[in-house]
Amino acid sequence: MKIISVVGARPNFMKIAPLHFEFQKFSNSNVNHLICHTGQHYDEQMSKVFFDEFELPVPDFYLGVGSGSHAEQTAKIMIEFEKVLLNEKPDLVIVVGDVNSTIACSLTAVKLGVKVVHIEAGLRSFDRTMPEEINRILTDAISDFLFVTEKSGIQNLLKEGIDKDKIFFVGNVMIDSLVKFMPIIQTSNILYNLQLDRSDYCVVTLHRPSNVDNVISLKRLVDLINEVSKIKKVIFPIHPRTKNNLERFNLFYSLNHNTIISEPLGYNDFVSLIKDSALVLTDSGGIQEETTYLGVPCITLRNTTERPVTIEVGTNYLVGDNLDLAYELAEKVLKGDYKKGQVPELWDGKASERIVKTLMEKLTIYNL
Ligand code: UD1
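Residues numbered from 1 in each chain as written. Predicted model: local features only at pLDDT ≥ 70, side-chain atom pairs only at ≥ 80, totals over all residues. Heavy atoms only, no water.

Caption draft 1: How the structure looks around the overall build of the protein. Secondary structure summary: the protein contains 16 helices and 13 strands in total. Computed over the C-alpha atoms, the radius of gyration of the protein is 20 Å, within 12% of the 21 Å expected from 2.2 N^0.38 for a compact globule of 368 residues. Counting only C-alpha atoms and orienting by the principal axes, one finds that the protein spans roughly 60 × 40 × 40 Å. Considering the protein as a whole, with its 368 residues, one finds that 57% of them fall into the buried category. Put simply, 70% of the contacts in the protein that link residues at least 6 apart link residues at least 24 apart. Mean positive and mean negative side-chain charge positions of the protein (39 and 47 charges, respectively) differ by 2 Å. (Helix = DSSP H or I, 4+ residues; strand = E, 2+ residues; numbered from the N terminus. Rg over C-alpha atoms; globule rule 2.2 N^0.38 Å. Buried < 20%, exposed > 50% of the residue type's maximum accessible area, 1.4 Å probe, protein only. Contact = heavy atoms within 4.5 Å. Lys, Arg positive; Asp, Glu negative; His and termini not counted. Charge placed at Lys NZ, Arg CZ, Asp CG, Glu CD.)

Following this line, the structure appears as structure tokens:
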């Protein structure tokens with residue numbers, strides 16, 4: 001059986017790594033798991049570092065599409081991925097998450113009659129201005145196997161008319177990576193290198209177009225970071241999109257001296273940094289889940305979240321664009337007053353095991 005898994009952007013690598021290692025266990029029984037990197041993210045710090053850290057093999061296919069408008073990026077991926085599929089004739093294509101590579105490759109596969117597996121299916125922010133929301137809805141609509149991280153995903157898919165037999169609640173592959181790499185994460189020197197004491201700093205990450213692509217919202221967020229940094233030091237690893245915009249809007253030098261700006265960090269250093277932080281402020285999707293697993297308070301600087309379990313069960317707070325509320329909450333959290341949270345159901349490091357087991361059983365039925 002030939003399977004091609006797709007990675008493209010930073011949040012994909014930690015989701016495919018545990019699956020790759022799970023599939024390796026079946027490499028003697030006619031399972032050939034290949035990796036296709038679309039090249040959506042291409043910088044050393046946005047891509048290559050993760051292959052090294054996760055000990056992933058060099059991708060079997062590299063499409064090298066790079067940046068571009070949504071249409072350009074999606075179309076280029078489709079054109080290049082179609083060539084791979086026509087040459088390789090895989091039995092299954094696996095896509096993860098909600099980035100442009102996810103929809104581009106699933107759409108290409110389904111039109112060639114190749115079965116599609118979507119991992120992290122069913123998440124919905126109900127905000128169709130987010131490019132990721134469109135990618136999620138469309139990918140789920142055309143996938144054959146939908147693996148869900150939290151129960152809200154099952155309800156969302158059923159409401160959209162997806163056949164219940166295609167939906168599997170298995171937990172969170174990103175947490176599999178966190179669990180597997182924790183011994184290495186614990187050896188990171190990042191706190192020493194940045195001269196930080198445990199629990200004595202906050203971490204900020206920002207990259208959503210709605211937050212960073214316009215000067216007014218980015219300026220408001222810079223003001224918030226400056227206010228928070230008066231209470232505790234802030235570490236701000238900057239995404240390329242955000243860095244470009246801070247420079248373009250002349251905001252880069254408005255960040256005060258109690259904020260340490262760094263390049264995007266590798267996985268082990270980044271998780272080590274958030275694990276020992278007092279508070280994380282973010283607009284990322286995955287970091288809401290990682291902080292919940294680690295029991296670290298998280299303030300999400302967005303109007304919606306597609307990951308409600310992190311609020312209902314975990315340590316996440318959603319503040320929307322009410323940055324006064326964000327500041328009040330940050331003050332409270334930094335005084336030690338915050339919800340402690342619990343680890344959501346099935347976030348136990350075994351999601352990839354469940355996924356591969358399910359696929360093996362189902363695919364035997366199809367004689368693949
Ligand atoms: C993408 C995903 C988003 C994900 C994020 C994680 C989509 C629609 N968005 O957003 O869901 O949370 O990745 O990072 O797929 N750039 C570089 N080097 C790189 C990659 C990007 O400099 O290696 C710069 C380019 O100027 C590019 C910009 O970042 O134009 C945005 O990159 P892009 O992949 O289009 O979207 P992200 O904002 O990274």
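Caption draft 2: Seen up close, the site of the ligand. What surrounds the ligand is a group of 20 residues, the closest being Gln40, His41, Asn100, Glu132 and Arg241. Residue Asn100 places a main-chain N or O atom 2.8 Å away from an oxygen atom belonging to the ligand. In this structure, an oxygen atom belonging to the ligand sits 3.0 Å away from a side-chain N or O atom of His239. Here the ligand, which alone exposes 740 Å², has 87% of that area covered by the protein. In a pocket analysis with a 2 Å cut-off to the grid points, the ligand is assigned to the largest pocket. Elements represented by at least two residues in the shell around the ligand include exactly helix H3 (70-88) and helix H11 (240-248). Of the residues forming the shell around the ligand, the biggest block, 3 residues, is contributed by H11. (Near = heavy atom within 4 Å. Polar contact = N/O pair within 3.5 Å; in protein donor to acceptor, adjacent residues only side chain to side chain. Areas by Shrake-Rupley, 256 points an atom, 1.4 Å probe, with all protein chains shown as cover. 1 Å grid on protein atoms, 1.4 Å probe; cavity = no way out; pocket = protein on both sides within 12 Å on 5 of 7 lines; lining within 4 Å. Sits in = over half its atoms within 2 Å of the grid points.)

Caption draft 3: Seen up close, helix H7 (residues 173-185). Taking 1.5 Å per residue as the helical rise, H7 with its 13 residues ought to reach 18 Å, and the 17 Å between its terminal C-alpha atoms agrees with that figure. The largest bend in H7 comes to about 35°, at Val179, with the proline Pro183 one to four residues further on. Along H7, the residues that are buried comprise Val173, Met174, Ile175, Asp176, Ser177, Leu178, Phe181, Met182 and Ile185. Two or three places before Met174, at the start of H7, stands the capping residue Asn172, its side-chain oxygen 3.0 Å from that residue's backbone nitrogen. (Expected span 1.5 Å × (residues − 1). Bend = angle between axes of the 7 residues up to and from the residue.)

Caption draft 4: Focus on the sheet that holds strand E10 (residues 259-262). Sheet architecture is open: 6 strands sit in the order E10-E9-E8-E11-E12-E13, paired in parallel fashion. A single partner strand is all that each edge strand has here, and the edge strands are E10 and strand E13 (316-318). The sheet shows a mean angle of 20° between the axes of neighbouring strands, direction not considered. Where strand E9 (residues 233-237) meets E10, 4 bridges bridge the pair, whose relative direction is parallel. Pairing of Phe236 across the sheet is with Ile261, part of E10. (Pairing = 2+ DSSP bridges. Axes fitted to C-alpha atoms, helices over the stretch in contact; angles between N-to-C directions.)

Caption draft 5: Layout of the pattern of salt bridges. For the coordinates displayed, the defined rule picks out 26 salt bridges. Because the salt bridges share partners, they merge into one network encompassing Lys15, Asp98, Glu120, Glu133, Arg136, Glu289, Arg302, Glu306 and Arg307. (Salt bridge = Lys/Arg side-chain N within 4 Å of Asp/Glu carboxyl O.)

Caption draft 6: A look at empty space enclosed by the protein. Within this structure, the stated rule accounts for 1 cavity of 30 Å³ or more. Size it by volume and the largest cavity reaches roughly 30 Å³. Lining the largest cavity, in full, are Gly97, Asp98, Glu120, Leu123, Arg136, Glu306 and Arg307. Residue composition of the lining of the largest cavity, grouped by class: 1 nonpolar, 1 polar and 5 charged. (Points joined across faces, edges and corners; volume = space filled by probe spheres on them. Nonpolar A, V, L, I, M, F, W, Y, C, P; charged D, E, K, R; others polar.)

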